[in-house]
Amino acid sequence: MVFLLAGLTGVTIASATAAPLEVTSYKMAGDAAHMRVVMNFDREPEPRWFLLRGPHRLVIDLPDAHFSLDAKELKARGLIRSVRYGRIGEGASRLILATKGPFVVDKVDIAANEDTPGYRLSIDLTAASERQFEEALAVQAQTTGSTTTPGAEPAIQEKRAEKRFTIVIDPGHGGIDGGAEGLHGTVEKSITLAFSRQLRERLAGEGKYDVYLTRDKDEFLRLDERVRIARQHEADLFISIHADTIRLKGIRGATVYTVSDKASDAEAQALADRENLSDKLAGIEIEEENHEVADILIELIRRETHNFSLKFAHSLVGELSDTVGLINNPHRSAGFRVLKAPDVPSVLIELGYLSNPEDEEQLRDPDWRGKAAESIARAVDAFAAARMAVGG
């Protein structure tokens, strides 16, 4: 991760007679996991940026500036909760980005525009854990001598050493998005929440894992919000729980999915298309940002994460096959948006088909759900033991 602190050395304050710096445009793109902010200036800016907590904020100080911005571009979106700007005294201006939770600054870049006059400031933010945000504050304190106490960094390092294997369970759908509906009126969002609670209880009962749910009530969450929650908990494993329907009512059984650019089969592609429409069903406009990955390190992390996801999926299929009915070719793949965290091994489990009367009856049965949760827990145990044996 690129972490640039060069901007912390100071802020250039314009003289009273200098013309204000013109901020000609402001744009944000991304989602709750990743955001890019781009500002255009009439001349090269000399910004100073720093982090603040309570709430989590990125502060960008500039020389005296005149902001000619489109109010529509300042509306909260993705990771950004609010945008404020204005003068903070003689010859100085400030922009404040408040976020929905902790984050890290991946990159701050200033470059001349290629085709038009002026310069642009680009800032890349990524949702992170509270520990990672505090570490960034500690680095900032060493550079500027402010924001945190001298003893903060050793405490952070000690906390990091004590971190337990962390699992985030994602009950699919919720709120306005009910998901699939069974032959006898069973609603997917209720089944996924009930099962996720049982799985959390089983895993947390061992006393060796930290286990979280993305939702613990009937509420709607954007797909990228689910990913953000996993990353902010520094999840070592993300398990998304679903229960689908299909036109052919004779088909039944569980399926384990991992993410891939190309679907393993037409059925997997159709399922991914349906699940990825969750945001649209809630009336939310989906903006896909396919920025090319320039950092080779990030791509290597993504590949390693995918390999871990495949290993867990293989173990999971093995455990489920002994206790829970599986469909033919039970490990499949497609482009599920909820599985796209680059640094969190992730799987999506379809527990069964609500369109099949036998599957629907099983999904409604707490005893059957407990048996399925036990199988998943055994796969988690094996996966966690292997990861911890090699240092995570």
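Heads up: the structure comes first, above all this text.
For every chain, the first residue of its written sequence is number 1, and the numbers climb from 1 along that sequence. Only residues with pLDDT of 70 or above have their local features reported here, since the model is predicted, and side-chain atom pairs are shown and tallied only from 80 upward, although totals for entire chains, interfaces and linings are computed over all residues. Side-chain calculation: all heavy atoms of the structure are included, whereas hydrogens and water are not.

(A) Fine view of a negative patch on the surface. Each patch is built from residues lacking any salt bridge and having more than 30% relative accessible area; the joining distance is 9 Å for like charges and 5 Å for nonpolar side chains (Val, Leu, Ile, Met, Phe, Trp, Tyr). Per-residue and other accessible areas follow the Shrake-Rupley method at a 1.4 Å probe size, with only the shown protein chains counted as cover for residues. Note on definitions: salt bridges are taken to be side-chain nitrogens of Lys or Arg within 4 Å of carboxyl oxygens of Asp or Glu. Residues scored as positive are Lys and Arg, those scored as negative are Asp and Glu, and His as well as the terminal groups of each chain are ignored. For this purpose, a charge sits on NZ of Lys, CZ of Arg, CG of Asp or CD of Glu. Together, E358, E361, D365 and D367 make up a negatively charged patch on the protein surface. Each helix is a run of DSSP H or I of at least 4 residues and each strand a run of E of at least 2, with the numbering of both proceeding from the N terminus. Counting through the fold element by element, E361 comes out in helix α8 (residues 357-363). A simple rule labels every residue: compare its accessible area, found with a 1.4 Å probe on the protein chains alone, to the largest value its type can have, and call it buried under 20%, exposed over 50%, or partly exposed in between. Its relative accessible area of 60% is what places E361 among the exposed residues.

(B) Representation of the sheet that holds strand β5 (residues 65-67) within the structure. The strand order β5-β1-β2-β9-β8 describes an open sheet built from 5 strands, whose pairing is mixed. Only two strands of the sheet have a single partner each, and these edge strands are β5 and β8 (103-112). Each strand of the sheet is rotated relative to its neighbour by a mean of 25°, with strand direction disregarded. Where strand β1 (residues 21-30) meets β5, 3 bridges bridge the pair, whose relative direction is parallel. DSSP bridges decide pairing: two strands pair if at least two such bridges lie between them. Lines fitted to C-alpha atoms define the axes here, with helix axes fitted over just the stretch in contact, and angles between the N-to-C directions of these axes take values from 0 to 180 degrees.

(C) Seen up close, the nonpolar core. Ranked by internal contacts, the top residues of the largest apolar core, which has 38 residues, are I167, L203, I239, F312, L316, I376 and V380. Per-element accounting of this core gives the leading share, 9 residues, to helix α9 (residues 366-389). In this structure, L21, M28, A65 and V83 belong to the second largest nonpolar core, which totals 32 residues. We define a nonpolar core as any set of buried Ala, Val, Leu, Ile, Met, Phe, Trp, Tyr and Cys residues linked to one another through side-chain atoms lying within 4.5 Å.

(D) Molecular detail of helix α4 (residues 223-232). In terms of burial, α4 is largely enclosed, as 10 of its 10 residues are buried. Where α4 is concerned, the buried positions are L223, D224, E225, R226, V227, R228, I229, A230, R231 and Q232. Positioned one or two residues after α4, E234 has a phi angle of 50°, which is positive.

(E) Representation of the pairing of β1 within the structure. The pairing of β1 with strand β2 (residues 34-41) spans 7 bridges and is classified as antiparallel. Bridge pairing in β2 places G30 opposite M35. A loop of 3 residues connects β1 with β2, the two strands running antiparallel in sequence.

(F) Spatial organisation of the packing of aromatic side chains. When two rings of Phe, Tyr or Trp (its six-membered ring) have centres within 6.5 Å they constitute a pair, described as stacked for plane angles under 30 degrees, edge-to-face for angles over 60, and tilted for the intermediate range. Within this structure, the stated rule accounts for 7 aromatic pairs. On the basis of an interplanar angle of 80° and a centroid distance of 6.5 Å, the ring pair of F308 and F383 is categorised as edge-to-face. Of this pair, F308 sits in helix α7 (residues 296-323) while F383 sits in helix α9, and the two are 75 residues apart along the sequence. This pair shows no difference in class: F308 is buried, exactly as F383 is. Among the aromatic side chains, those forming a connected cluster through ring pairs are F165, Y209, F308, F312 and F383. Lysine and arginine charges are scored as sitting over a ring when NZ or CZ, respectively, is within 6 Å of the ring centre and within 35 degrees of the ring normal. Lying over the aromatic face of F308, R387 brings its terminal NZ or CZ to 3.8 Å of the ring centre.

(G) A look at the sheet that holds strand β6 (residues 80-89). Sheet architecture is open: 4 strands sit in the order β3-β4-β7-β6, paired in antiparallel fashion. In this open sheet, the two strands that pair with only one neighbour each are β3 (48-52) and β6. Each neighbouring strand pair of the sheet contributes to a mean axis angle of 20°, computed without reference to strand direction.

(H) Looking closely at the side chain of R57. Structurally, R57 is set in strand β4 (residues 57-63). One buried charged residue, R57, remains without a salt bridge, the closest side chain of opposite sign being E134 at 11 Å. A polar side-chain atom of R57 sits 3.0 Å from the main-chain carbonyl oxygen of R53. Residues count as neighbours in contact if any of their non-hydrogen atoms are within 4.5 Å of one another. Beyond its immediate stretch of four places on either side in the chain, R57 contacts F50, L51, L52, I96, L97, A98 and F103. As used in this structure description, the phrase polar contact means that two N or O atoms lie within 3.5 Å; if the pair is within protein, one of them must be able to donate a hydrogen and the other to accept it, and residues adjacent in sequence are counted only when both atoms belong to side chains.

(I) Summary view of unusual backbone geometry. With an omega of 0°, the peptide bond between G54 and P55 qualifies as cis. On the secondary structure map, P55 appears in the loop between β3 and β4. A positive phi angle, near 50°, is found at E234, a position not held by glycine. Of note, the phi angle at N329 is positive, near 50°, even though the residue is not glycine. With respect to the helices and strands, N329 occurs in strand β14 (residues 326-334). Given a relative accessible area of 57%, N329 falls into the exposed group.

(J) Region of interest: the pairing of strand β9 (residues 119-127). In terms of residue burial, β9 counts as a mostly covered element, since 7 of its 9 residues are buried. As paired strands, β2 and β9 are joined by 8 bridges and run antiparallel to one another. Considered in β9, the bridge of V37 is made with I123. Hairpin connection of β8 to β9: 6 residues between the antiparallel strands, including G118 at a positive phi of 105°.

(K) Expanded view of the pattern of salt bridges. The tally for this structure, following the rule as stated, stands at 28 salt bridges. Where E73 meets K27, a salt bridge forms, and the shortest distance between an N and an O atom there is 3.5 Å. With a gap of 46 residues between them, E73 in the loop between β5 and β6 and K27 in strand β1 connect regions that are remote in the sequence. By relative accessible area, K27 is classed as partly exposed at 47%. A salt bridge links R43 to D42, with the nearest nitrogen and oxygen atoms 3.5 Å apart.

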